[in-house]
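Below are the chains, spelled out letter by letter.
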Amino acid sequence: MQVSMTVNGEEVTREIEGRLLLVHFLRDVLGLTGTHWGCDTSNCGTCVVWLDGRPVKSCTVLAAMAGGHEVRTVEGLAQNGELDPVQRGFMECHGLQCGFCTPGMMMTARALLNENPDPSPDEIREAISGQICRCTGYATIVRSVRWAAAYEADQRADADQPAEPAATTGGAP
Amino acid sequence: MTTVGDRKPAGFEDNDQHPVGHGRMLRKEDPRFVRGRGNYVDDVQLPGMLHLAILRAPVAHARLVSIDTTAAEAHPKVKAVVTGATLETLNLAWMPTLSNDVQAVLVTDKVRFQGQEVAFVVAEDRYAARDALELIDVEYDVLDPVIDVRRALEDAAPVIRDDLEGKTDNHCFDWETGDAAATEAVFAKADVVVSQDIVYPRVHPAPMETCGAVADFDPVEGRLTLWSTTQAPHAHRTLYAIVAGLPEHKIRVISPDIGGGFGNKVPIYPGYVCAVVGSIVTGKPVKWMEDRSENLVSTGFARDYVMRGEIAATRDGRILGIRTHVLADHGAFNGTAAPVKYPAGFFGVFTGSYDLEAAYCHMTAVYTNKAPGGVAYACSFRITEAVYLVERIVDCLAAELAMDPVELRLKNFIKPEQFPYTTKTGWVYDSGNYEPTMRKAMDLAGYEDLRREQAEKRARGELMGIGVSFFTEAVGAGPRKHMDILGLGMADGCELRVHPTGKAVVRLSVQSQGQGHETTFAQIVGEELGIPPADVDVVHGDTDNTPFGLGTYGSRSTPVSGGAAALVARKVRDKARIVASGMLEVSADDLVWDKGSFHVAGDPSTAVTIQDIAMRAHGAGDLPEGYEGALEAQITYNPPNLTYPHGAYICVVDVDPGTAQVKVRRFVAVDDCGTRINPMIIEGQIHGGLTDGVGMALMEIVAFDEDGNCLGGSLMDYLLPTAMEVPDWETGFTVTPSPHHPIGAKGVGESATVGSPPAIVNAVVDALAPFGVRHADMPLTPSRVWDAMRGQARPPI
Ligand code: FES
Ligand code: FES
């Protein structure tokens, strides 16, 4: 069957098997290998991408179901060559080690900050609770997201704007 | 987005201090990872690449009667179907394990564990390969399995390893250490003897990336390129050469970015060999990536020790001796990845951090119908089991003596002036200063206040527990005269080349699975040469481009390869001194090194930098007599001893009396790993290990039913900690350098995995003290804690 969708702002159309999972479509068909795969049971969250701005586990979505929708992956997080503050936060606070869970974690974190620009550590933990990291012990991930939130708050203050959620990346609701 | 300068937000630790050498510094590998540009094995796409899937046995013990592959072969997308019979014709049906045992690549005679490899299919895509597995028809004659480790040696037990000549039972090996008679003597004279049955259940490292490989065999050149999830690319290459009979110089093993290892990626698995065979048979590159359940049911598990611990002491709390008997479940093949002279790994350090009069251990290892493995999951070669045993039994003694567990430990620590300290089992601890580390942890935790709070809560019927553990690890295997893997000495090579402009490349034999080698090793070289770590490129994980060495596991990268990196840089510095002596026209002895430059003694204005020297060494001008040019060196470092990091951990838990749910409220970890190269990375390693500890203590177990069905075969059944189960870690450190390591560093990657489970279990047992509980085995799930509260604690296996 033929499927068309927008991936990181670009229209793509491909001939696929109806049973192809979105994660394999992104990785094997489009070559977007930043999205990972780590389990058979929708538990690990290494595969998290955005479907119409909301984080989903792409191992649990058929590529066909994403037809006509907008998908964003880690490769589409940086805008115009500039890293998203979440990406910077992860580097600044050692929010990653092997990097395998990282794309999924960052996609969830960005979505969280879009909805809640000042999440508490507990809110961050809850947001990533469907995802597993075997390396970091999570505390540095929480710090990384806090870093991004603080950075964006500074940016807003510097720009002397009222404190409203800053949509810093495209594709967000 | 609005860009107003590049100011970083206040209130966060500055991890980006651009040190020349050691210090906090952001990781050099991160820019590619945060962009999704890592290159993991499953990311490798080659033109014409095929996909391999493995058919696995549905039962634990069965004779193979027949395999019919006709329908699978007829599948339009299938390129090859291979069975054990095919491999037998290639003499590849069996392969050696890392413990001098053999393991079936594909079953030829008998299935020995559920999930064992029976056949494989190579097809045009992943899905078709899986489809074709369904078309293979296998007939099994099911046999009684051996599942209960305690019954493996009974006369009536079916013999699992009838492939081994003359084998009539399931005995794997017996091992002992220490002095049985001397230990008996101290137990005889002791005022107090406490004994406790302690089980360390089977768990699994479960890295987020499963195991896999891409094999590309070029029949014209006879050259094999193998991308694989391996922590030890050089050792693997040599073993492939031995197993497959391929010439070693025609094998290139590439271990690109690895999504976590934790020991899971040390052994050679049948799947890797299948991928190689698949590529040879089809003449195409072949990718094999196992799924999560294959990872959990078939690859290297960890622990599975059934222990009895005994401790002897005086009434006033002086520990005299420790004795232990262990029954070790090694699964169907002895696939332990440990130095060959150490069949029980480094379990011999079960004497812990204490000055004893005598110690003894006797171990019996057996075969069962379970997956092989044993040494994995950041265990530092079984030190997890040893530390758990000693730290649990010491707590049992404290309870018996009604003594505070910290006080008992402080009273028995090896004293700083006793180092180097030879334990009663023959380990030479290089350095340690235990009491300050313990006291620092107590200060950070507010130990006295916690005990007061606990007393108040107990009075109200609330269940709060405080658990302490103190560990000493033996890491950095190892001196080659004692330690080898299948005859390969555990030394590590290192090559360093300084380019004409003063930038450098260092090539390592170890390999990172997330530990940040590209940063840490650049810092080690930077420190020694006085150049910014940003100017040092680190190459690793490719046998064609790195020197020989044994790889990353057992926390050995910094102790062994880190030593190599420091020494090779000093060798380059010595050469630079010669070049500088020519430039400054003085004798080399008259030069003074000042991190990054040489100057004539007494005249700093004469300084020539490493960059100047590098240009001169490659330039057209004269060089000192006998100096050929270039600025580079290589070395193989054979460490004189292991390094012995230590740490003090304090855990605070609350147990819900209504649901028996354990909540880890606080965890304080104070680690001493000697010289600290990058504190940010060290802290990350500690955090990760503490999380493993929560998993093992409270959640994780690979259990089996009586038929040998694995009950932990998915992440729905094998529970791993999420951000909800772990607290915000509190860490601290002390520094006791290793006296023999070139920069005084000790390994740290596994410290927290080793040290945290006993702290958590001790805390839960402490919380349950009002119920008279003295011990409860891991994992402390609500149902098991509930049982313990009702006086019905039972072993998990
Ligand atoms: S791959 Fe594990 S949740 Fe999607
Ligand atoms: S960084 Fe390795 S799994 Fe999260």
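Residues numbered from 1 in each chain as written. Chains lettered and ligands numbered in written order. Predicted model: local features only at pLDDT ≥ 70, side-chain atom pairs only at ≥ 80, totals over all residues. Heavy atoms only, no water.

### Side note on the overall build of chain B
- Regarding its fold elements, chain B presents 18 helices and 34 strands.
- Dimensions of chain B along its principal axes, counting C-alpha atoms only, are 80 × 75 × 65 Å.
- Across chain B, every contact between residues at least 6 apart in sequence was considered, and the portion connecting residues at least 24 apart equals 79%.
- For chain B, the exposed area adds up to about 26,200 Å²; of that, 50% sits on carbon and sulfur atoms. (Helix = DSSP H or I, 4+ residues; strand = E, 2+ residues; numbered from the N terminus. Contact = heavy atoms within 4.5 Å. Areas by Shrake-Rupley, 256 points an atom, 1.4 Å probe, with all protein chains shown as cover.)

### Structural notes on the side chain of T140 of chain A
- Mapped onto the fold, T140 of chain A is located in helix α5 (residues 139–158).
- Those residues within four positions of T140 of chain A in sequence are excluded, and the remaining contacts are C93, H94 and G95 of chain A together with H687 of chain B.

### Some details on the environment of D197 of chain B
Residues and elements named next belong to chain B.
- Locating D197 in the fold gives a position in strand β10 (residues 192–200).
- D197 sits 111 residues away from R308 along the chain, and the two C-alpha atoms are 4.4 Å apart.
- Non-local contacts of D197, meaning those with residues more than four positions away in its chain, are made with M307, R308, H775 and D777.
- Polar contacts involving the side chain of D197 include one to the side chain of R308, which spans 2.6 Å. (Polar contact = N/O pair within 3.5 Å; in protein donor to acceptor, adjacent residues only side chain to side chain.)

### Some details on the sheet that holds strand β1 (residues 50–56) of chain B
Residues and elements named next belong to chain B.
- Read across the sheet, 7 strands follow the order β3-β7-β1-β14-β11-β12-β13 without closing on themselves; strand pairing throughout is mixed. Each end of this open sheet is capped by a strand with a single partner; those strands are β3 (78–83) and β13 (251–254). In this sheet, adjacent strand axes meet at a mean angle of 20° when their direction is disregarded.
- Pairing analysis gives 6 bridges linking strand β11 (residues 212–218) to strand β12 (residues 223–228), with the strands arranged antiparallel. In the strand pairing of β12, D218 is matched with R223.
- Across the sheet, helix α4 (residues 126–133) touches β1, β3, β7 (117–123) and β14 (286–289), and the angle it forms with β1 is around 30°.
- The sheet contacts of helix α6 (residues 233–244) involve β12 and β13, and relative to β13 the element is tilted by about 145°. (Pairing = 2+ DSSP bridges. Axes fitted to C-alpha atoms, helices over the stretch in contact; angles between N-to-C directions.)

### Looking at the interface of chain A and chain B
- Listed per partner, the contact involves 59 residues of chain A and 71 residues of chain B.
- Where chain A abuts chain B, roughly 5,500 Å² becomes buried across the two surfaces, and 55% of that area is made up of carbon and sulfur atoms.
- Along the contact surface separating chain A from chain B lie 10 salt bridges.
- Residue D154 of chain A pairs with R7 of chain B through a salt bridge whose shortest N-O separation is 3.3 Å.
- Our count for the contact surface shared by chain A and chain B stands at 28 residue pairs in polar contact (both at pLDDT 80 or more).
- Of all the elements in the fold, those that place two or more residues in the side of chain A that touches chain B are α1 (22–29), α2 (85–92), α4 (121–127) and α5 of chain A.
- Sorting elements by how many residues they give to the side of chain A that touches chain B places α5 of chain A first, with 10 residues.
- Of the residues in the side of chain A that touches chain B, the class split is 24 nonpolar, 19 polar and 16 charged. (Buried area = accessible area lost by both parts, 1.4 Å probe. Salt bridge = Lys/Arg side-chain N within 4 Å of Asp/Glu carboxyl O. Nonpolar A, V, L, I, M, F, W, Y, C, P; charged D, E, K, R; others polar.)

### What to know about the domain arrangement of chain A
Residue and element names in this part refer to chain A.
- Along its sequence, chain A is carved into domain 1 (2–76) and domain 2 (85–160).
- With 17 residues of domain 1 at the interface, the matching set in domain 2 holds 16 residues.
- Buried surface at the junction of domain 1 and domain 2, both sides included, amounts to about 1,200 Å², of which 65% is carbon and sulfur.
- Of all residues in domain 1, the largest losses of buried area upon contact with domain 2 belong to H36, W50 and V74, amounting jointly to 42% of the total for that side.
- Where domain 1 touches domain 2, the interface holds 0 salt bridges.
- The interface formed by domain 1 and domain 2 includes 5 residue pairs in polar contact (both at pLDDT 80 or more).
- Of all elements in the fold, only β3 (48–51) and β4 (54–57) reach the threshold of two or more residues within the side of domain 1 that touches domain 2.
- Looking at the side of domain 1 that touches domain 2 residue by residue, the classes come out as 7 nonpolar, 7 polar and 3 charged. (Domains from an automatic or database assignment.)

### So, the packing of helix α3 (residues 102–115) of chain A against α5 of chain A
Residue and element names in this part refer to chain A.
- Closest axis-to-axis distance for the α3/α5 pair is 11 Å, and the angle between their directions is 40°. Between α3 and α5, the crossing angle belongs to the class labelled oblique. Judged by the sense of rotation from one axis to the other, the crossing of α3 with α5 is right-handed. Between α3, through M105, A109, R110 and L113, and α5, the contact on the second element is made entirely by I141, V145, A148, A149 and E152.
- Broken down by class, the residue content of the contact of α3 with α5 amounts to 7 nonpolar, no polar and 2 charged. (Parallel < 35°, antiparallel > 145°, perpendicular 65-115°, else oblique. Left-handed = near helix turned anticlockwise from the far one by under 90°.)

### Here's the deal with the sheet that holds strand β31 (residues 632–637) of chain B
All names here are of chain B.
- Overall, mixed pairing links the 4 strands, which are arranged β27-β26-β25-β31 in an open sheet. A strand with exactly one partner marks an edge of an open sheet, and here the two such strands are β27 (536–539) and β31. Taken pair by pair, the neighbouring strands of this sheet meet at an average axis angle of 15°, ignoring direction.
- As judged from the 4 bridges shared by strand β26 (residues 504–508) and β27, these two strands associate in the parallel manner.

### Re unusual backbone geometry
All names here are of chain B.
- Cis geometry is adopted by the peptide bond preceding P420, which originates at F419 and carries an omega value of -10°.
- Positionally, P420 belongs in the loop between α10 (405–412) and β20 (421–422).
- Each neighbour pair has its own omega, and for M778 with P779 the value is -5°, a cis peptide bond.
- Within the element layout of this structure, P779 appears in the loop between α17 (751–767) and α18 (782–789).
- Its identity is not glycine, yet N91 carries a phi of approximately 60°, on the positive side.
- When you line up the elements, N91 lands in the loop between α3 (84–89) and β4 (94–96).
- At A206, a position not held by glycine, the phi torsion is positive, near 40°.
- Structurally, the position occupied by A206 is in the loop between β10 and β11.

### Side note on the packing of aromatic side chains
Residues and elements named next belong to chain B.
- Under the counting rule described, the total for this entry stands at 26 aromatic pairs over all chains.
- Considering the side-chain rings of Y305 and F347, the 5.6 Å spacing of their centres and the 65° angle between planes classify their relative orientation as edge-to-face. Highlighted residues: Y305 in strand β16 (residues 305–313) and F347 in the loop between β17 (319–329) and β18 (358–366), separated in sequence by 42 residues.
- Taking the relative accessible area as the measure of exposure, F347 reaches 0% and is therefore buried. (Phe/Tyr/Trp six-rings, centres within 6.5 Å; stacked < 30°, edge-to-face > 60°. Buried < 20%, exposed > 50% of the residue type's maximum accessible area, 1.4 Å probe, protein only.)

### A word on a negative patch on the surface
Residues and elements named next belong to chain B.
- A grouping of D68, E73, D137, E139 and D141 is seen on the molecular surface, where their side chains present a negatively charged patch.
- The element that contributes the greatest number of residues to the negative patch is strand β8 (residues 137–142), accounting for 3 residues.
- Looking at the secondary structure, you find D137 in strand β8.
- For D137, a relative accessible area of 52% translates into the label exposed. (Patch = residues over 30% accessible without salt bridge, like charges linked within 9 Å, V, L, I, M, F, W, Y side chains within 5 Å. Lys, Arg positive; Asp, Glu negative; His and termini not counted. Charge placed at Lys NZ, Arg CZ, Asp CG, Glu CD.)

### A closer look at the domain arrangement of chain B
Residue and element names in this part refer to chain B.
- For chain B, the domain assignment lists domain 1 (42–143 + 228–247 + 265–281), domain 2 (301–477 + 641–789) and domain 3 (492–637).
- A straight line from the C-alpha centre of domain 2 to that of domain 3 covers 39 Å.
- Contact with domain 2, which involves 20 residues of that partner, is made by 21 residues of domain 3.
- For the pair domain 2 and domain 3, the interface holds 0 salt bridges.
- Scanning the region where domain 2 abuts domain 3 turns up 8 residue pairs in polar contact (both at pLDDT 80 or more).
- The residue makeup of the side of domain 2 that touches domain 3, split by class, is 9 nonpolar, 9 polar and 2 charged.

### Considerations on the nonpolar core
All names here are of chain B.
- Among the nonpolar cores identified, the biggest contains 223 residues, and F346, F347, M438, I650 and L698 are the most heavily contacted of them.
- Setting aside chain neighbours within four positions, we find L698 in contact with V662, V664, I760, V764, P779, L780 and T781.
- Ranked by size, the runner-up nonpolar core spans 42 residues in total, among them V538, A564, V579 and I743. (Core = buried A, V, L, I, M, F, W, Y, C linked by side-chain atoms within 4.5 Å.)

### A few points about the pattern of salt bridges
- Taken as a whole and judged by the stated rule, the model has 70 salt bridges over all chains.
- The partner of D131 of chain B in a salt bridge is R19 of chain A, and the shortest N-O contact between them spans 2.7 Å. Here D131 of chain B is found in helix α4, whereas its partner R19 of chain A is found in the loop between β2 (10–15) and α1 on a different chain.
- Overall, D131 of chain B belongs to the partly exposed group, its relative accessible area being 27%.

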